[in-house]
Amino acid sequence: MLRFLLGILLPLVLVGMIAEDVLEQQRFAFETPLLTWIHAHSSPALTSMSVFLHTFGGPVPMGAVFMVIVLGLRFMQRRPQALFALLGLGSAVGIAFGMKVLFHRPRPELWTRLVSESGPSFPSGHTTVAAALVTFVVLLAWHSSWRWPALVLGVVYAGLMGYSRLVLGVHFPTDVLAGWLTGVACVLGAYSLLGTRLRPAVEPVMEGHAAQDRRIP
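What counts and how
Residues numbered from 1 in each chain as written. Predicted model: local features only at pLDDT ≥ 70, side-chain atom pairs only at ≥ 80, totals over all residues. Heavy atoms only, no water. Helix = DSSP H or I, 4+ residues; strand = E, 2+ residues; numbered from the N terminus. Buried < 20%, exposed > 50% of the residue type's maximum accessible area, 1.4 Å probe, protein only. Contact = heavy atoms within 4.5 Å. Areas by Shrake-Rupley, 256 points an atom, 1.4 Å probe, with all protein chains shown as cover. Core = buried A, V, L, I, M, F, W, Y, C linked by side-chain atoms within 4.5 Å. Polar contact = N/O pair within 3.5 Å; in protein donor to acceptor, adjacent residues only side chain to side chain. Expected span 1.5 Å × (residues − 1). Arc of directions from axis to C-beta. Phe/Tyr/Trp six-rings, centres within 6.5 Å; stacked < 30°, edge-to-face > 60°.

A. Quick look at the overall build of the protein chain. The number of helices and strands found in the protein chain is nine helices and zero strands. For the protein chain, with 217 residues in total, the buried portion stands at 46%. In the protein chain, 79% of the contacts between residues at least 6 apart in sequence involve partners at least 24 apart. For the protein chain, the computed accessible surface area is about 11,600 Å², with 72% contributed by carbon and sulfur atoms.

Take a look at the structure:
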């Protein structure tokens, strides 16, 4: 119940509230000043990292990552997990794409961009995929000794991916926020939908890896 309320229902309500204003073409007063401040305080190293994350989080690299995950789990005979990957990650990508088409929000035009982005702005696809991928990995690792490393590293990765979109000026802050919330809600929704079909398959494989690691001197 707590997972449903905080991980699925609340994110969807927040995304709906943002989407309503976006659909009515209302502007959020804080967004342009925040983007301008971020641009003014971005170091060359941060900008370079943002360009790298832009490339790494693109459709082709992330498509390859998803295929490796699904095929790897299928090869390991972890069918519930493979189904979880297809349903959770696939729904995040599909819903983000559908929202882009539906809302068709123009991207910010505040300075000359270092990267090319021509599609709609809301929500951030890069951020949605990053949040979905992190949530997926953390759920798989939750009942193992990898729980906290996966959570910490995942939060850092998803956070940097979202912030990099603001550094590059290709998204509004609400695009990034909606992307985070959408990615998390989609994967948690898939996890709840699969229920007992998934949990018995998740725990043994992660614990098996942890036990194997402990046997290595």
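B. Summary view of unusual backbone geometry. For the peptide bond that leads from phenylalanine 122 to proline 123, omega is -10°, which places it in the cis range. Looking at the secondary structure, you find proline 123 in the loop between helix H5 (79-103) and helix H6 (125-141). Even without being a glycine, glutamine 77 presents a positive backbone phi close to 65°. Relative to the helices and strands, glutamine 77 resides in the loop between helix H4 (59-75) and H5. Classification of glutamine 77 by relative accessible area gives exposed; the value is 53%.

C. Summary view of the nonpolar core. Judged by nonpolar contacts, the single largest core of 32 residues is most densely connected at Ile69, Phe84, Ala85, Leu89, Phe136, Tyr157 and Val187. For this core, the secondary structure elements donating two or more residues are H4, H5, H6, helix H7 (147-167) and helix H8 (173-194). Sort the elements by how many residues they give to this core and H6 lands first, with 10 residues. Counting residues in hydrophobic clusters, the runner-up holds 10 residues, among them Phe103, Phe122, Ala178 and Leu181.

D. Expanded view of the side chain of histidine 126. Its place among the elements puts histidine 126 in helix H6. There is a polar contact of 3.4 Å between the side chain of histidine 126 and the backbone oxygen of glycine 57. The residues contacting histidine 126, other than those within four sequence positions of it, are Leu53, His54, Gly57, Gly58, Glu117, Met161 and Arg165.

E. Expanded view of H4. Its 17 residues give H4 an end-to-end C-alpha distance of 24 Å, which sits within 8% of 24 Å, the value for a rise of 1.5 Å per residue. Taken together, the buried positions of H4 are Met62, Phe66, Ile69, Val70 and Leu73. Buried residues along H4 cover an arc of 90° about the axis, so they all sit on one side. The outward face of H4, more than 90 degrees from its buried face, is lined by the exposed residues Val60, Val68, Leu71 and Phe75. Buried residues along H4 sit in contact with helix H3 (44-56), H5, H6 and H7.

F. Inspection of the environment of arginine 74 at higher detail. Along the chain, arginine 74 falls in helix H4. Leaving out residues up to four positions away in the same chain, arginine 74 has contacts with Arg79 and Ala82.

G. Quick peek at the packing of aromatic side chains. On inspection of all chains with the given rule, the structure shows seven aromatic pairs. When the centroid spacing of 6.0 Å and the interplanar angle of 10° are considered together, the rings of phenylalanine 52 and phenylalanine 56 count as stacked. Placement of both phenylalanine 52 and phenylalanine 56 in helix H3 is noted, with a separation of four residues, approximately one turn of the helix. By relative accessible area, which is 33% here, phenylalanine 56 ends up partly exposed.

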